[in-house]
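# Geometric and topological summary
Chain residues, written in single-letter form:
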Amino acid sequence: MKELVSIKSLSREQILTLLERATRLKSHPPGPILQGKIMASCFFEPSTRTRLSFEAAMKRLGGEVIGFSDALQSSSQKGESLSDSMRIVGLYSDLVTLRHPLEGAARLAAEVAGKPVINAGDGANEHPSQTLLDLYTMQESQGKLDGLKIAFVGDLLYGRTVHSLIYAFKHFGPRLYFVAPPTLTLPEELCQKLKEYGVRYSFHHEIEDVIENVDILYMTRIQKERFPHLEAYERVKDHYTLTPEMLERGSPHLRVLHPLPRLQEIDPRIDSSEKAYYFQQAENGLYVREALITTLLEVPV
Ligand code: CP
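Computed from a prediction, not measured in an experiment: that's the story for all the values here.

Strands sit in the order 7-6-5-8-9 across an open sheet of five strands; the sheet is parallel. If you trace the sheet from one side to the other, it starts and ends with strand 7 (200-204) and strand 9 (255-257), each paired once. This sheet shows a mean twist of 20 degrees between the axes of neighbouring strands, independent of strand direction. As paired strands, strand 5 (residues 149-153) and strand 6 (residues 175-179) are joined by five bridges and run parallel to one another. Each residue of the ladder has a partner; that of Ile150, found in strand 6, is Leu176. Packed onto the sheet, helix 6 (residues 160-168) meets strand 5, strand 6 and strand 8 (216-219) and runs at close to 140 degrees relative to strand 8. Its contacts with the sheet put helix 7 (residues 188-197) on strand 6 and strand 7, and the angle it makes with strand 7 is roughly 145 degrees.

Here it is as structure tokens:
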């Protein structure tokens with residue numbers, strides 16, 4: 001592995017190997033195996049989990065972090081191109097993580113940085129390290145990855161975590177249920193991919209239509225920042241809220257995931273349910289990102 005720009009570049013074997021490595025790192029923290037290594041953490045968009053778990057992963061393994069968490073702190077404010085910025089941070093570091101609002105930004109960075117680049121989210125396109133931690137969490141909570149029944153709820157149009165997961169499902173033969181308002185349904189290009197992969201899927205209007213059928217309920221936030229017009233956002237922003245009463249109808253092994261942050265789409269009363277697994281999912285981001293960083297830096301674990 002030389003980079004993680006798109007989850008599409010990983011084979012089933014590469015994904016499973018990364019998840020096994022994450023399991024080892026979770027159960028047996030190895031100490032400062034990244035001493036002397038520097039990660040550049042370049043976030044042109046807000047982040048809590050992705051940035052801090054990447055940075056914590058690096059530091060817990062003895063490495064160091066440089067970078068910025070706000071584009072206002074970078075020379076992009078003076079008009080520097082992304083290409084020039086990435087060429088420069090590649091000179092100062094061993095590995096680059098990049099979050100950027102433009103689709104394709106990570107691909108561009110990977111072409112000029114001269115160091116492994118991890119796409120930490122590029123617009124509505126992909127978020128492949130989130131995909132790996134989502135797969136890890138599905139496997140951890142269900143004991144398997146093959147043949148899971150999974151419902152996605154919310155913003156399927158702009159939701160990059162959903163898009164990246166769909167590409168990964170090429171390898172794991174799930175049955176998928178999509179629950180979204182008509183204006184936020186899955187892009188046709190991704191429906192075509194699912195047909196190509198032979199993955200069965202169906203569309204639904206309400207959570208209640210699918211909750212009894214699934215192993216994983218993957219909730220997503222309706223993302224105000226991706227809408228071209230505020231009024232379109234206002235029309236759909238409160239469309240879904242998962243309540244304890246709805247959750248009772250799910251099977252005992254159902255687990256609720258959410259990439260977070262959440263707004264009103266998950267009632268906080270659910271947090272204490274054993275079916276709520278989104279905080280464990282966020283924690284798993286640390287171990288999966290440790291696995292990713294050590295793999296890209298070719299450090300054995
Ligand atoms: N899941 C996720 O990407 O969260 P952040 O935006 O906080 O990084």
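Here the narrative resumes, following the displayed structure.
Moving on, we come to helix 5 (residues 128-142). The terminal C-alpha atoms of helix 5, which comprises 15 residues, lie 21 Å apart, in line with the 21 Å expected from a rise of 1.5 Å per residue. Counting buried positions along helix 5 gives 13 out of 15 residues, so the element sits mostly inside the fold. Immediately downstream of helix 5, the backbone of Gly143 shows phi near 75 degrees, a positive value.

Okay, the packing of helix 1 (residues 12-27) against helix 10 (residues 278-296) next. How two helices pack is summed up by the angle between their axes together with the distance between the axes. Packing of helix 1 against helix 10 brings their axes to within 8 Å, and their N-to-C directions diverge by 115 degrees. Note that helix 1 runs across helix 10; the crossing there is right-handed. Touching Leu18, Arg21, Ala22, Leu25 and Lys26 of helix 1 are Asn284, Tyr287, Val288, Glu290, Ala291, Leu292, Thr294 and Thr295, all from helix 10. Across the contact of helix 1 with helix 10, the residue classes break down as seven nonpolar, three polar and three charged.

Turning our eyes to something else, we now look at the site of the ligand. Every residue lining the ligand is accounted for by Ser47, Thr48, Arg49, Thr50, Arg99, His127, Gln130, Pro259 and Leu260. Between an oxygen atom of the ligand and a main-chain N or O atom of Thr48, the distance comes to 2.8 Å. One nitrogen or oxygen atom from the side chain of Arg49 is found 2.9 Å from an oxygen atom belonging to the ligand. Here the ligand, which alone exposes 250 Å², has 90% of that area covered by the protein. Among the detected pockets, the ligand sits in the largest pocket. Along the lines of polarity and charge, the residues of the shell around the ligand split into two nonpolar, five polar and two charged.

Among all residues except glycine, the phi angle is most often negative; among peptide bonds, the trans geometry is most common. Here the residue pair Leu260 and Pro261 is connected by a cis peptide bond, since its omega of 5 degrees sits within 30 degrees of zero. With respect to the helices, strands and loops of the structure, Pro261 is situated in the loop between strand 9 and helix 10. At Leu260, a position not held by glycine, the phi torsion is positive, near 65 degrees. Checked against the element boundaries, Leu260 lands in the loop between strand 9 and helix 10. On the basis of relative accessibility, which here comes to 12%, the residue Leu260 falls in the buried class. Phi is positive for Glu298, which is not a glycine, with a value near 55 degrees. Note that Glu298 resides in the segment after helix 10. Among the residues examined, Glu298 registers a relative accessible area of 59% and is labelled exposed.

Criteria and thresholds
- Residues numbered from 1 in each chain as written.
- Predicted model: local features only at pLDDT ≥ 70, side-chain atom pairs only at ≥ 80, totals over all residues.
- Heavy atoms only, no water.
- Pairing = 2+ DSSP bridges.
- Helix = DSSP H or I, 4+ residues; strand = E, 2+ residues; numbered from the N terminus.
- Axes fitted to C-alpha atoms, helices over the stretch in contact; angles between N-to-C directions.
- Contact = heavy atoms within 4.5 Å.
- Expected span 1.5 Å × (residues − 1).
- Buried < 20%, exposed > 50% of the residue type's maximum accessible area, 1.4 Å probe, protein only.
- Left-handed = near helix turned anticlockwise from the far one by under 90°.
- Nonpolar A, V, L, I, M, F, W, Y, C, P; charged D, E, K, R; others polar.
- Near = heavy atom within 4 Å.
- Polar contact = N/O pair within 3.5 Å; in protein donor to acceptor, adjacent residues only side chain to side chain.
- Areas by Shrake-Rupley, 256 points an atom, 1.4 Å probe, with all protein chains shown as cover.
- 1 Å grid on protein atoms, 1.4 Å probe; cavity = no way out; pocket = protein on both sides within 12 Å on 5 of 7 lines; lining within 4 Å.
- Sits in = over half its atoms within 2 Å of the grid points.

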